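Structural overview
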Amino acid sequence: YVILQAPLYVHEGDDVTLRCHHYPGYPGRQTIFYKDNGIIRNWGSYPQLRINNINLGGSRGYKCTKEVYHNLIYYQHSGGTSIPMKEIFTTPAIKVTPFPVIKGDDVTVTCHTNVSPYRPETELQFAFHKDMQNIQSFNSSNQYGFQSAKKENSGRYYCEAKTVSGRIIVKRSKMLNIELNAIFTQPEIIMTVNEMTEGDNMTLTCHTIRSGLITDTELEFAFYRDGQNVQEFSLSDRYEVKSAETNHSGNYSCKVRSSTKNITRSSEEVYIQIQELFSKPEIEMIPDVDIERNQMILTCNTIVMRNDIELQFAFYKNGQKIQEFNSSHQYVIPSTQLEDSGNYYCEVRTSRNGVKKRSEELTVGQQGNYNIF
């Protein structure tokens, strides 16, 4: 006998009129409207209920009752409806591209929502917030972005969408935590051994832990000594020196950069000392030419830094070797002649790793440091 009539399509925020009808030809009186079984209007026989800015969130629906006269008696009849309300636009979802975000990325944050197909003319505006602070006020763009992502861009983001005309409806997205991922850690210099002596092969490694987000070919490495580049950027994370010398000592550092991102990170400096095995030799004549025996003795003198080092000595005259390498640090000329005048020098080398050092020249002769006659 009683029907509650509602519009076919109802959107949130609409002004809606409900009508409580009964069969025609029968008198009716005392119409009551209910929402969720609670009375919201109870007077007279007026069959309509006007609802402004309708919001059915969590509602179980509306119904009405009316007293209808028939067979000489007023009977109370009821009718109801659930009113299938539609969203004028969906609750926005916040999305970030690319994801995950890596330091140095150009990032776009989008506030995504869908407008009801029954209200395609609906205009929306969007706003963005980070850590509860507004970072972009309401406007027509549903995107917010930042370039070359930095640590300070990390945070909890959300967006809001609202209608522009008519009754204002504002909806808010869930929180999105944007955390910058390091594609590689700060590098550090690692040396193959703790102590290096001259003649050793020195290998330095630029150690970093890379993210699984990048490939092995996306990182390049460079090495520096005392701030000067000693190896240009390449795919190799190692710097090698064959038979290191004392002048290879210094403060070493390395840099790592991404070939696809604008990111470069530097290690701390590490001081590496190449220990000397023996000092630069000096060639001397002792004590001088032996006049009586007419004998000349040259000595090749050096200071050994380690007791376990075995040295070999060689002598040269005017650039020609006159004594092969052996364990003796002396060169003896038994019977000195005028033709023994010349420029002498010596060399010292280790028998283990071939470190070799040369003395300055010593001039022997009438015009030199020592006179033969």
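Residues numbered from 1 in each chain as written. Predicted model: local features only at pLDDT ≥ 70, side-chain atom pairs only at ≥ 80, totals over all residues. Heavy atoms only, no water.

Counting its regular elements, the protein chain contains zero helices and 35 strands. Over its C-alpha trace the protein chain gives a radius of gyration of 47 Å, far above what one expects of a compact globule, namely 21 Å for 373 residues. For the protein chain, the C-alpha atoms occupy an extent of roughly 165 × 35 × 30 Å along the three principal directions. Here the protein chain, with 373 residues, has 40% of them falling under the buried criterion. The long-range share in the protein chain, meaning contacts at least 24 apart out of those at least 6 apart in sequence, stands at 58%. For the protein chain, the accessible area works out to roughly 21,200 Å², and carbon and sulfur atoms hold 45% of it. (Helix = DSSP H or I, 4+ residues; strand = E, 2+ residues; numbered from the N terminus. Rg over C-alpha atoms; globule rule 2.2 N^0.38 Å. Buried < 20%, exposed > 50% of the residue type's maximum accessible area, 1.4 Å probe, protein only. Contact = heavy atoms within 4.5 Å. Areas by Shrake-Rupley, 256 points an atom, 1.4 Å probe, with all protein chains shown as cover.)

All right, on to the domain arrangement of the protein chain then. Domains assigned within the protein chain are domain 1 (2-86), domain 2 (93-178), domain 3 (188-275) and domain 4 (282-364). Distance between the C-alpha centres of domain 2 and domain 4: 83 Å. (Domains from an automatic or database assignment.)

This brings us to the pattern of salt bridges. Pairing is possible between side chains of opposite charge, provided their charged atoms come close. Enumeration according to the criterion identifies twelve salt bridges in this entry. The residue Asp14 makes a salt bridge to Arg119 at a minimum N-O spacing of 2.8 Å. Taken as a pair, Asp14 in the loop between strand S2 (10-11) and strand S3 (16-22) and Arg119 in the loop between strand S11 (107-112) and strand S12 (124-130) lie far apart in primary sequence, 105 residues in all. Taking the relative accessible area as the measure of exposure, Asp14 reaches 14% and is therefore buried. (Salt bridge = Lys/Arg side-chain N within 4 Å of Asp/Glu carboxyl O.)

Another aspect to go through is unusual backbone geometry. Here the bond from Thr97 into Pro98 is cis, since omega is -5°, no more than 30 degrees from zero. Looking along the chain, the bond that leaves Phe99 and enters Pro100 is cis, with omega of 0°. Position of Pro100 relative to the elements: it lies in the loop between strand S10 (93-97) and S11. We note that Asp131 has phi near 50°; this positive angle belongs to a residue other than glycine.

The tally for this structure, following the rule as stated, stands at four disulfides. Each sulfur in the disulfide pair Cys20 and Cys64 lies 2.0 Å from the other. Because the sign of the S-S torsion sets the handedness, a value of about 80° for the bond joining Cys20 and Cys64 places this disulfide among the right-handed ones. Here the residue Cys20 occupies a position in strand S3, and Cys64 occupies one in strand S7 (residues 62-70), the gap between them amounting to 44 residues. In this structure Cys20 comes out as buried when scored by relative accessible area, which is 1%. Note on Cys64: relative accessible area 0%, which makes it buried. Here Cys111 pairs with Cys159 through a disulfide, and the sulfurs are 2.1 Å apart. Of note, the bridge from Cys111 to Cys159 carries an S-S torsion of about 75° and is right-handed in sense. In this pair, Cys111 sits in strand S11 while Cys159 sits in strand S15 (residues 155-163), placing the two residues 48 residues apart along the sequence. In terms of burial, Cys111 and Cys159 fall into one category: buried. (Disulfide = S-S within 2.5 Å.)

Counting buried residues in S12 gives six out of seven residues, a clear majority hidden from the surface. Direction of pairing for S12 relative to S15: antiparallel, over a ladder of seven bridges. Following the sheet pairing, Phe128 is matched in S15 by Cys159. Pairing of S12 with strand S13 (residues 133-139), which is carried by four bridges, proceeds in the antiparallel orientation. Considered in S13, the bridge of Phe128 is made with Gln136. Between S12 and S13, which follow one another and run antiparallel, lie two residues, and Asp131 among them has a positive phi close to 50°. (Pairing = 2+ DSSP bridges.)

A word on the sheet that holds strand S20 (residues 202-207). Pairing in this open sheet of three strands is antiparallel, and the strands run S18-S20-S23 from one edge to the other. Either end of the sheet is taken by a strand with one partner, and the two such strands are strand S18 (188-191) and strand S23 (238-241). Taking each pair of neighbouring strands and ignoring which way they run, the sheet shows an average axis angle of 20°. Taken together, the four bridges between S18 and S20 define a ladder with antiparallel strand orientation. From the neighbouring strand, Ile190 faces S20, where its bridge partner is Thr205. (Axes fitted to C-alpha atoms, helices over the stretch in contact; angles between N-to-C directions.)

The next point concerns the sheet that holds S11. A sheet is described by the order of its strands in space; here three strands give the open sequence S10-S11-S14, paired in antiparallel fashion. A single partner strand is all that each edge strand has here, and the edge strands are S10 and strand S14 (143-146). Neighbour to neighbour, the strand axes of the sheet diverge by 15° on average, direction disregarded. In this sheet, S14 lies alongside S11 in antiparallel orientation, the contact comprising four bridges. Among the inter-strand pairings, Val109 is bridged to a residue of S14, identified as Tyr144.

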